[in-house]
Structures are given as structure tokens and as C-alpha cells.
Amino acid sequence: MSTALPVARFCALCSLLCEPPPEDPNFGATFCSRRNRELDALRDWLAHRDTLTSVAAWESNLEEAKQRLANTQDLLVTGRLRCVESSRGALAIAQRKHARIDSWESDAAFEGISAFQRGGAMTASLSEARDIAELMIVIGGDEWTEEFPKLPGSLYRGESIPVLLLGSWSDAGRKPWLDAGFEVLSIDTPIAQIPRALSEASACEAIGGWDSTASRWLHRAGYTAVVWSMKYLNIEHGDLWYESMMDWIARRNETKRVAAVFWSDLETTFHQVCTWWTGFPGRIQFHGETAEYDPSRYSAQRWLEERLVPSSRGNASPSQPSLILWIDDSFEDLPIAVFESGLATIAISPRRPPQGCNTIWLPCLPAGLGNACEFFRGDHAILLRGSDPY
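In this text the structure is predicted, and so the values were computed from the model without any measurement.

Quick word on a nonpolar patch on the surface
Argument step 1. The grouping of Trp276, Trp277 and Leu383 at the surface amounts to a nonpolar patch, some 290 Å² of accessible area in total.
Argument step 2. With relative accessibility at 34%, the residue Leu383 sits in the partly exposed group.

Points about the state of the cysteines
Argument step 1. Scanning all chains against the criterion turns up zero disulfides.
Argument step 2. The thiol of Cys83 is not disulfide-bonded; the next cysteine sulfur, from Cys373, is found 4.0 Å away.

Some words on the pattern of salt bridges
Two side chains with opposite charge may pair up if their charged atoms get near one another.
Argument step 1. Considering all chains together, one arrives at 23 salt bridges under this definition.
Argument step 2. Linking Arg174 and Asp171 is a salt bridge whose minimum nitrogen-to-oxygen distance equals 2.0 Å. Highlighted residues: Arg174 and Asp171, both in helix H9 (residues 171–180), separated by three residues, approximately one helical turn.
Argument step 3. Under the relative-accessibility criterion, Asp171 is labelled exposed at 59%.
Argument step 4. Here Asp179 makes a salt bridge to Lys175, at a shortest N to O gap of 2.6 Å. You can see Asp179 and its partner Lys175 sitting in helix H9, four residues apart, about one turn around the helix.
Argument step 5. Since its relative accessible area comes to 54%, Asp179 is described here as exposed.

Brief notes about the packing of helix H4 (residues 84–96) against helix H13 (residues 268–278)
Argument step 1. For the pair H4 and H13, the least separation of the axes is 9 Å and the interaxial angle reads 50°. Classified by the angle between their axes, H4 and H13 sit oblique to one another. Note that H4 runs across H13; the crossing there is right-handed. Contacts from Val84, Ser87, Arg88, Leu91, Ala92 and Gln95 of H4 reach H13 at Thr269, Phe270, Val273, Cys274, Trp276 and Trp277.

What to know about the confidence of the model for the protein
Any residue range with low pLDDT should be treated as having predicted coordinates unsuitable for detailed reading.
Argument step 1. Per-residue pLDDT for the protein has a mean of 83; in total, 84% of the residues score no lower than 70.
Argument step 2. Mean pLDDT across the elements of the protein ranges from a minimum in helix H2 (residues 49–52), with 58, to a maximum in strand S4 (residues 100–101), with 97.
Argument step 3. This stretch, residues 22–29, has a pLDDT under 50; its non-local contacts, to residues over four places away or in other chains, come to 14 contacts.
Argument step 4. The model gives residues 311–318 a pLDDT under 50, and that stretch makes six contacts with residues more than four places away or in other chains.

Digging into the layout of surface pockets
Argument step 1. Approximately 780 Å³ is the volume found for the largest pocket.
Argument step 2. Taken together, 33 residues form the lining of the largest pocket, with Ala109, Ile113, Ser264, Thr268 and His380 sitting closest to its centre.
Argument step 3. Those elements that provide at least two residues to the lining of the largest pocket are helix H5 (107–119), strand S9 (257–262) and H13.
Argument step 4. No other element matches H5, which puts six residues into the lining of the largest pocket.
Argument step 5. Its residues placed into classes, the lining of the largest pocket shows 15 nonpolar, 13 polar and five charged.

Re the pairing of strand S10 (residues 284–287)
Argument step 1. Note: S4 against S10, two bridges, orientation antiparallel. The residue of S10 that forms the bridge with Arg100 is Gln285.
Argument step 2. The sheet contact formed by S10 and strand S11 (residues 290–293) spans four bridges and is antiparallel. For Gln285, the partnering residue across the bridge sits in S11 and is Glu292.
Argument step 3. In sequence, S10 turns back onto S11 through a hairpin of two residues, with Gly288 there showing a positive phi of about 65°.

A closer look at the sheet that holds S11
Argument step 1. Taken together, seven strands build an open sheet; the order of strands is S11-S10-S4-S3-S12-S13-S14 and the sheet is mixed. Whereas interior strands pair on both sides, the edge strands pair on one side only; in this sheet they are S11 and strand S14 (359–363).
Argument step 2. Docked against the sheet, H13 engages S4, S10 and S11, running at close to 30° with respect to S10.

So, the environment of Ala41
Argument step 1. Checked against the element boundaries, Ala41 lands in helix H1 (residues 33–47).
Argument step 2. Those residues in contact with Ala41 that sit more than four places away from it in its chain are Phe331 and Arg351.

Examining the packing of aromatic side chains
Argument step 1. Taken as a whole, this structure holds 14 aromatic pairs when the rule is applied.
Argument step 2. Ring centres 6.0 Å apart and planes at 80° place the aromatic pair Phe148 and Tyr232 in the edge-to-face group. One end of the pair, Phe148, is in the loop between helix H7 (142–147) and helix H8 (151–155); the other, Tyr232, is in the loop between strand S8 (223–228) and helix H12 (238–252), and 84 residues separate them in sequence.
Argument step 3. For Phe148, a relative accessible area of 1% corresponds to the buried category.
Argument step 4. Among the aromatic side chains, those forming a connected cluster through ring pairs are Trp144, Phe148, Tyr232 and Trp263.

Criteria and thresholds
Residues numbered from 1 in each chain as written. Predicted model: local features only at pLDDT ≥ 70, side-chain atom pairs only at ≥ 80, totals over all residues. Heavy atoms only, no water. Patch = residues over 30% accessible without salt bridge, like charges linked within 9 Å, V, L, I, M, F, W, Y side chains within 5 Å. Areas by Shrake-Rupley, 256 points an atom, 1.4 Å probe, with all protein chains shown as cover. Salt bridge = Lys/Arg side-chain N within 4 Å of Asp/Glu carboxyl O. Buried < 20%, exposed > 50% of the residue type's maximum accessible area, 1.4 Å probe, protein only. Disulfide = S-S within 2.5 Å. Helix = DSSP H or I, 4+ residues; strand = E, 2+ residues; numbered from the N terminus. Axes fitted to C-alpha atoms, helices over the stretch in contact; angles between N-to-C directions. Parallel < 35°, antiparallel > 145°, perpendicular 65-115°, else oblique. Left-handed = near helix turned anticlockwise from the far one by under 90°. Contact = heavy atoms within 4.5 Å. pLDDT = per-residue confidence, 0-100. 1 Å grid on protein atoms, 1.4 Å probe; cavity = no way out; pocket = protein on both sides within 12 Å on 5 of 7 lines; lining within 4 Å. Points joined across faces, edges and corners; volume = space filled by probe spheres on them. Nonpolar A, V, L, I, M, F, W, Y, C, P; charged D, E, K, R; others polar. Pairing = 2+ DSSP bridges. Phe/Tyr/Trp six-rings, centres within 6.5 Å; stacked < 30°, edge-to-face > 60°.

If you want it as C-alpha cells, here you go:
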């Protein structure tokens, strides 16, 4: 009788390396709540696959898409690019067509990137935080555990250590941390005020409005890991907040060991691949073989705004028809701003675009489903080949 433990697998849903429980070697439906949501979307897709498009229609759409690409001189390549293969393909098209390229929901990522470029960071991997930390500070709210339901278990090393949840956490948001085996204290506090509150709590035993337990944990811990995701902070001027946190971490390292664990979803893969390809993390305008980087000017949203209201920005309308190439590795809903803009669009995505929009649709399955793809783990530390999560 085999006693082999289940092998940890990298899931192509949320950028985590997960271990299926022994009683569920097939990665069953009870294992992960996010996987359940995605599985429901897949079942719906498969139930309607015969009505989505025929092979002949797909081939006809492909030829029309090739013609649109050939005829445009004003192209935006964007979408939800989450694996190495999609990102490389998108960059190759953007370079060949002298296009702009940016992931669609990149504002939060670039707030972190900009702050990192200016001031650097003191960071740790998920594995280091799990194996060494004596205290974990997790900043955010319930959205964390909705998007990354297995993260608490991935940070648990088999012994209970304190976890300080800062932000806005309900009982449902705290439950996965408690279930994982941590000693949990949550403090509801505005995220924008957390860097200052941590500085004050580090300086004395108790601060008004903060439980004295938090200060005691901070003073006692020799190694603290601070975990957050820029995407789920939902604050203005996230780059300034990041710099304030890094300032606290740097000062704290004069007497203690403190490190940040930046957690991202799978779109960090796109930024990594852009850096390999061009030396820049995204928001790039290609001019021939030359890549020009400008994070304030070359966002996908700004490209779209300039084409919809050119007169208000003093821009002349492009001499050639504008075209959006949308590449989507996910089952997420398509953004209304893109598909109801009226601009010509080519959509390579599992989701069908809205009826009546000026879009050529090339249906596909998400990255990692039925095809081998490579992704970065959420802490940016390792590149892994994703297993089929379904």
C-alpha cells in the first residue's frame, strides 16, 4: 500500500503552490473555494461550447482578425496576461506592429513598481516568511481570503505564531487564518494610517485605539513578515503608502529583522516577461525595435481615453483606424470600458464579448487548462509550470 504524500502543485488560478489533502488526491471540489467558483464558470463554458462558435466561424474570424491587424497602425495590446507564453506572444505582436502594450488592470502594480524603482525594498519570499517569521502582519481585508483562500495554509509551518490582521476584516475573513492554526488578532484601521500606527506601536507598549497585545507582539518578535498586495489595498497614492511602509521596515531593521512579502496575482508574470524582453516592466510603446517606457503616459486606460476624447486632450485623431487586441487568460468578466467603447477590437478570451460591439471573437480556454503554461508564484520568487486546476 502506497504511503506517498500528495505532491504540491502550482495552481493556475491564484499563483499559489498548494498541497491537496491526502483524502482528496484528485484536487477535489472541497479543497479550494476559489477553485469552486472557477469550476462553475468552466462547466458553464463547456455546456455551451457547441453554440459558442463553429470551427468554420472560428477560422473565418481568424482571417478577419489577421486583416484587421495588417491594416492598423494604431494598436493597443492589452488584457489579462497571466502566463509566460501569452505574455511573450503579446510582446512579439506589439513589437512587430509598433504598438503600445500594458496589462489592463495595472494601476496598483505600477504604484508598487514605481515606489520600488525609487527606493528599493527589503523583501522575503513566502518560504522564508513561513519558515522563520515569529510574527506576521497581514494588511488588507476579506478580499485577500476570497482571492487567495489557500494563502493562510501556505504560510503555516506547523506551529502557532501570532498573526496581526490590519485593515478591515470580518469574521469570515479571519476564519481561514484561525483554521490554519495561527493566533489571530485583527484591528480595524484605515489602511492609509497603518505605517504611522506601526511606528507608534513599535515605540511604546500601548497606543490609544490599538490593543496592547499588538504592541507586545511587535516588541517580542525577532523576525516580522509584513504581507500585502497593492491590488487589494484600495487606497489613493499607493506609491507613497508603499514608501512609508518601507521607511518603517528600514528603521525597524536597525534593531529587529522585518521584511515585506509583496503578494500579487498571476499578472506579475506579464511584468516579469516584459522585463526580460525589454528591460521594462510594462507600459511600453514600441518604435520599431526600440521600446519606450513611460508609466504615466503609456497605460492602456490612457490610450483608450485619448482615442475616445481626442479633442479634450489636444491630440489629433490617428490617421489609421485604432484597434485593440484583447488577450485574456482568465474566466473573469470582460471590461465594459473596452468592449462598449465602439473601437474595433479583437478578443482572444474565454468570455463572449457583448452582442453588437465591434469585436472579432476568438474563443479560447484559460491559461493552464488543457495546455502547459508557466507562471510566477505570487511572491515573484519562483517560476513554475502550472498544473491543470480543474
